[in-house]
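One letter stands for each residue in the lines below.
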Amino acid sequence: MRPLLAELENEVMQAVWKIEPCSVEAVHAIVSRKHDLKETSVRTMLRRLEQKGYLAHESDGTAYIYRATETPRSLAARAARQLIDRFCEGSVEELVTGMVDANVLSKEEMKRLEELVRSQRKGGK
């Protein structure tokens, strides 16, 4: 399993998802609005994210063009699975119950989840 993203890594990934395919310069333009980072720092982060398996690149002349290897939703689901395995002994029910008990989920969110589960059952999935 890949390690979870640090806060700044997540911001870089958000920039990539927003504008992919993208160059280092394009990612830097977005991330540097909020953080005082040099372009070389962003380049290093992109390279490390690629080494971790979050990104892939193609060469366009001398420039690298980056793409994410998975969607934000897929990455979030895998991260949730890691949390479930680590803190809830693999029980999704334990996580959801904890979220309900701690008022993490609003009534509207719980209703949408219930509707999603019902629709999945009807669809035979």
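First, a word on what this report is: a plain description of the structure on this page. (Residues numbered from 1 in each chain as written. Predicted model: local features only at pLDDT ≥ 70, side-chain atom pairs only at ≥ 80, totals over all residues. Heavy atoms only, no water.)

Let us now look at the nonpolar core. Counting 20 residues, the largest nonpolar core has Val12, Met13, Val16, Val27, Leu46 and Leu55 as its most contacted members. Contributions of two or more residues to this core are made by helix 1 (7-19), helix 2 (24-31), helix 3 (39-51) and strand 3 (63-68). Residue contributions to this core peak at five residues, all from helix 1. Leaving out residues up to four positions away in the same chain, Met13 has contacts with Leu5, Leu49, Tyr54, Leu55 and Ala68. (Core = buried A, V, L, I, M, F, W, Y, C linked by side-chain atoms within 4.5 Å. Buried < 20%, exposed > 50% of the residue type's maximum accessible area, 1.4 Å probe, protein only. Helix = DSSP H or I, 4+ residues; strand = E, 2+ residues; numbered from the N terminus. Contact = heavy atoms within 4.5 Å.)

Moving on, we get to the sheet that holds strand 3. Strand pairs in the sheet, formed through backbone hydrogen bonds, run parallel or antiparallel to each other. Across the sheet, which stays open at both edges, the three strands sit in the order 1-3-2 with antiparallel pairing between neighbours. At either end of the open sheet lies a strand with only one pairing partner, and these are strand 1 (22-23) and strand 2 (55-60). The sheet contact formed by strand 1 and strand 3 spans two bridges and is antiparallel. Residue Cys22 lies in a different strand from strand 3, and its bridge partner there is Tyr66. Taken strand by strand, helix 1 contacts strand 1, strand 2 and strand 3, and its axis lies near 95 degrees from that of strand 3. In the packing of helix 3 onto the sheet, the strands contacted are strand 2 and strand 3, and the crossing angle to strand 2 comes to about 120 degrees. (Pairing = 2+ DSSP bridges. Axes fitted to C-alpha atoms, helices over the stretch in contact; angles between N-to-C directions.)

Inspection of every chain in the model, using the stated rule, returns one aromatic pair. Between Tyr64 and Tyr66, the aromatic rings sit 6.2 Å apart at their centres with planes inclined by 65 degrees, giving edge-to-face as the arrangement. By relative accessible area, which is 38% here, Tyr64 ends up partly exposed. Overall, Tyr66 belongs to the buried group, its relative accessible area being 2%. (Phe/Tyr/Trp six-rings, centres within 6.5 Å; stacked < 30°, edge-to-face > 60°.)

Running from amino to carboxyl end, helix 1 crosses helix 2 at an angle of 120 degrees, the nearest separation of the two axes being 9 Å. Classed by the angle they form, the pair helix 1 and helix 2 counts as oblique. As helix 1 packs across helix 2, the resulting crossing turns out to be right-handed. Between helix 1 and helix 2, the residues in contact are Leu8, Glu11, Val12, Ala15, Val16 and Ile19 and Ala26, Val27, Ile30 and Val31, respectively. (Parallel < 35°, antiparallel > 145°, perpendicular 65-115°, else oblique. Left-handed = near helix turned anticlockwise from the far one by under 90°.)

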